[in-house]
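Below, each chain spelled out in residue letters.
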Amino acid sequence: MRPLACLAIAVAAVAPAAAHAQRVAIDAPAGAAGDAAIAIARQTGTSIVIADARTARRNVPRLRGTMDAAQAVRRLARAAGGRAVPAGPSAWRIVAEPRQARRAPRAAPPPTARPPTLAAPALPAPPIVVIASKRDTPRGEFPGQVSMIDGETLEFGGIGGTEKIVQRVATVSSTYLGSGRNKLFIRGIADSSFTGPTQATVGQYLGDLRLSYNAPDPDLRLSDLERVEVLEGPQGTLYGAGSLGGIIRLVPNAPQPGVTSVSGAIGGELVQHGEPGADANATFNVPLAPDGAALRVTIDAASRGGYIDKPALDRTDVNRTDILGGRAMVRVEVAPEWTVDLVGLGQSTRSVDSQYADRGGDPLTSSASVREGSRADYLHGQFVVSGRIGDVRLRSTTGVASQDLQERYDATPPGGPDRLFVQDNDTRMIANETRLWQPLGERFGWLAGISFTDNDTRLTRSLGTPDSQMSATGVRNTVTEATAYGEASLRVAEHLVATAGARYTRSRLGGAGEDVPLALAAARAEITASRTETAFLPSASLLAQVAPDTALYLRYQEGFRPGGLAIEGEFVRRFRSDHATTFEFGARHGTPGFGPFDLSASLSHTRWSDIQADFIDDLGLPSTANIGDGRVWTASVSGGVEVLPHFRLNGGLTYNDSRVDEPRFLLLARATHVPNIAGVAARLGADYRTWLDSGLELRATGWASYVGKSRLGIGPELGDLQGDYLDSGMVVRLGGERMGVTLSLVNLADVKGNRFALGTPFAMGRDQVTPLQPRTIRLGLDARF
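Residues numbered from 1 in each chain as written. Predicted model: local features only at pLDDT ≥ 70, side-chain atom pairs only at ≥ 80, totals over all residues. Heavy atoms only, no water.

Trainee: Sorry, what's going on with the overall build of the protein here?
Mentor: What the protein contains, in helices and strands, is nine helices and 45 strands. For the protein, with 785 residues in total, the buried portion stands at 56%. Taking as baseline every contact in the protein between residues at least 6 positions apart, the subset at least 24 positions apart corresponds to 67%. In the structure as shown, the protein presents an accessible area of about 31,800 Å², 60% of it carried by carbon and sulfur atoms. (Helix = DSSP H or I, 4+ residues; strand = E, 2+ residues; numbered from the N terminus. Buried < 20%, exposed > 50% of the residue type's maximum accessible area, 1.4 Å probe, protein only. Contact = heavy atoms within 4.5 Å. Areas by Shrake-Rupley, 256 points an atom, 1.4 Å probe, with all protein chains shown as cover.)

Below, the structure written as structure tokens:
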């Protein structure tokens, strides 16, 4: 027997013939078909043999659900491009199924000639469920734009953070203050550049629990994930406040009962014009009990080399960033089709100094005379109960999150003594979501849920010399939200699905000024007094299957963010809630990564009322206000095409046109567009993979992305241009199922560019740019056992 075929054999104790017909809960991980076969064999008590080594190495999506062993094996075989053949009462063989039968040659080839090679079998598109739909909606019936990045792609070339999503989804953009400090935007819905009291416009989730309420992106390491899902446009009905632009959902790999496995990767990188860096990752899966309990642990560490020089401090490569994090998850099967999960996550990010430079000076040089940088700490925990009662499914998630961020900014006036501005943003959140649902079947599907969120954010500031700081006015915001929501779908005709839903939210808002005189706080107590806001968010959609694998849809959605308190001079003032309504028309064909080609396109119009955004107040400090109403037109298209066997091109293009009606106190502003959103953004990528005669796989990917021009913010102080640059990268891996070597190169042309025109809001007469990381080469090794 071939050595690689041996690795694809999954053998378990042979059960009685009736055992394999019994429906059981199946959860096979995404990855190599051989590994999925091992998981299915252990969970069903059967024997599964994949005789062809190439079929065993093929990547398959996660296989999850309640089914009998025969159904599970057949689904695995389809996903791997093979065919399931019964080999006994409780045994199967999965054999390769070529695209076409071999024809008999007219004459035997010469003895020295190599036999002709069959074309690789065509991989059928596996069934893909949009987990973020909250009711297991198949992608083909989801009425909206959704992008999915699988875990293998996220880890290819080394573990990264949110930049991996921004690189692959053209509609997602970010600020670039530094890891753990950035704000994310989707589809042209952006508010400001700073971390302030406003809630984010993009909801970020780990499973069903949001990562934060009104704090920046924690930039978690995207390791050991099944996939990441990006839903575009307001998601108010399902996700409530803070999802005006869309949501990003991280789907972690679940612990696998009965499986002991270890995987890991290490890498070292060289940064042109800068310092070297290194990264490491390890994942462990350990059974805890023979009756269905398992533990899965992931640990990440990275040190990213700096490349910005500060001559005033006589220091070079000052912006080194160190990241240490991990995630642990325990799953216990408490009953057939019922599980309890415990999840814990933590990450610490330390940026020694800032990553911006002076516009017009040396490309990688800052004239700042003080040490800046940041410190970010993030903790997150969940308790999840999942199960089903007949056809009705239940999931209840309770969790807590803590996020502490300290940022340091150079506030030195021209020709004056060194001054440092320090801002601390500390957030605590408790949340629960419980929902029941029944997936859409032949006629009807529904979802009903409730949620509760309690969030407390404290923003404090200090200003002074690097050695002596004096407190400045700060603010505390509290919000308690209770929500009920629901959604239902009706199959009006065989190829026509109508969906409607609504969400009702009641928010209790409170807060106070921080580090303000007691007399002033008492005199203006009416400003900080508790108050109540309500929001009703309806939604509707219509999806038509107009041809095989082709759908058209119409969609209406709303989103909102509650109001709050913002710093104003020596005290605080209120800002109102904002609200967005979106109409969208879209079309979709095929499944990304499968078939001759796939294509998705959408056109949306958003009306945004009472936009919450940041500006620079009369004291030169960032503040928040409702800056006016606006509208955003967005057109996007993405797709892929199989150019040659094993070679596929993919890409995306998005166009944004926005307008803001500015209030009177900003009439002199240079910017009337929504900030931080480029008019045009595009991406082109290529993916090639083949198997060598030695049995090793060669895979190569490359990409290039263009980010067009945008403006930093609202108001004359934040009207600087940014963007208009090209980024690129490539990764090559040579290896087998168990071990491989990767070589990656980022910023191929060593472009300097300007990702973000802000490093400190206090730099008067000193325009700033945030350059791309210089050309970086990384050599890595990955292994799993």
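Trainee: Where do I start with helix H2 (residues 33–44) in this structure?
Mentor: For an α-helix, the turn length of 3.6 residues means that residues three or four places apart are oriented alike. Taking 1.5 Å per residue, 12 residues should reach 16 Å; H2 reaches 16 Å between its end C-alpha atoms and fits that length. Summarising burial for H2: 10 of the 12 residues are buried, a large majority. Turning to H2, its buried residues number three or more, namely Ala33, Gly34, Asp35, Ala36, Ala37, Ile38, Ala39, Ile40, Ala41 and Thr44. One or two steps after H2, the chain reaches Gly45, where phi turns positive at roughly 70 degrees. (Expected span 1.5 Å × (residues − 1).)

Trainee: Hey, could you run me through the sheet that holds strand S14 (residues 202–206) in this one?
Mentor: By definition, the strands of a sheet pair up through backbone hydrogen bonds, in either a parallel or an antiparallel sense. Here five strands make up an open sheet; going across it, the order is S11-S16-S17-S14-S15 and the pairing mixed. Every other strand in the sheet has two partners, leaving strand S11 (146–150) and strand S15 (209–210) as the edge strands with one partner each. Sheet topology note: the S14/S15 ladder contains two bridges and is antiparallel. Its bridge partner lying in S15, Leu206 is registered against Leu209. (Pairing = 2+ DSSP bridges.)

Trainee: Help me understand empty space enclosed by the protein, please; the structure alone is not making it clear to me.
Mentor: Over the atoms rolls a probe the size of a water molecule, and in doing so it shows where empty space is left. Per the stated rule, a full pass over the model turns up 16 cavities of 30 Å³ or more. The space that makes up the second largest cavity amounts to roughly 250 Å³. What lines the second largest cavity is a set of 22 residues, among which Arg135, Phe142, Pro143, Glu487 and Thr499 lie closest to the centre. Mapped by element, the contributors of at least two residues to the lining of the second largest cavity are strand S10 (137–138), strand S28 (468–493), strand S29 (496–514), strand S30 (531–547) and strand S31 (550–561). Residue classes in the lining of the second largest cavity are distributed as nine nonpolar, eight polar and five charged. (1 Å grid on protein atoms, 1.4 Å probe; cavity = no way out; pocket = protein on both sides within 12 Å on 5 of 7 lines; lining within 4 Å. Points joined across faces, edges and corners; volume = space filled by probe spheres on them. Nonpolar A, V, L, I, M, F, W, Y, C, P; charged D, E, K, R; others polar.)

Trainee: Please clarify how the nonpolar core should be interpreted in this entry.
Mentor: In summary, soluble globular proteins display a tendency toward joint burial of nonpolar side chains. Residues Ile165, Val172, Val228, Val230, Ile248 and Leu250 are the most contacted members of the largest nonpolar core, which totals 46 residues. Discounting residues that sit within four places of it in the chain, Val228 has contacts with Ser147, Met148, Ile149, Leu154, Ile165, Ile248, Arg249 and Leu250. Within the second largest apolar cluster, 24 residues are counted, among which are Ala41, Ala56, Val73 and Ile94. (Core = buried A, V, L, I, M, F, W, Y, C linked by side-chain atoms within 4.5 Å.)

Trainee: Before we go on, may I ask you to explain the packing of aromatic side chains in this structure?
Mentor: Here a ring pair, both rings aromatic, is described through the centre-centre distance and the interplanar angle of the planes. All told, the structure shown has four aromatic pairs when counted by the stated rule. Each ring, one from Tyr205 and one from Tyr239, has its centre 4.8 Å from the other, and the planes form 65 degrees; the classification is edge-to-face. Residue Tyr205 is found in strand S14, and its partner Tyr239 is found in helix H7 (residues 236–239); the two are separated by 34 residues along the sequence. Judged by its relative accessible area of 5%, Tyr205 is buried. Overall, the relative accessible area of 3% leaves Tyr239 in the buried class. Among the aromatic residues, those joined into a cluster by ring pairs are Tyr409, Phe421 and Phe762. Directly above the aromatic system of Trp437 lies the positively charged group of Arg435, at a separation of 4.7 Å from the ring centroid. (Phe/Tyr/Trp six-rings, centres within 6.5 Å; stacked < 30°, edge-to-face > 60°. Lys NZ or Arg CZ within 6 Å of the ring centre and 35° of its normal.)

Trainee: Just checking my understanding: could you explain the pairing of strand S16 (residues 225–232) for this structure?
Mentor: A regular strand carries its side chains on alternate faces of the sheet. Most of S16 is tucked away: eight of the eight residues are buried. Both S11 and S16 contribute to a ladder of five bridges, which runs antiparallel. When the bridges of S16 are listed, Val146 appears paired with Leu231. In terms of strand pairing, S16 meets strand S17 (residues 246–252) through seven bridges, oriented antiparallel. The partner of Glu232 across the bridge, within S17, is Gly246.

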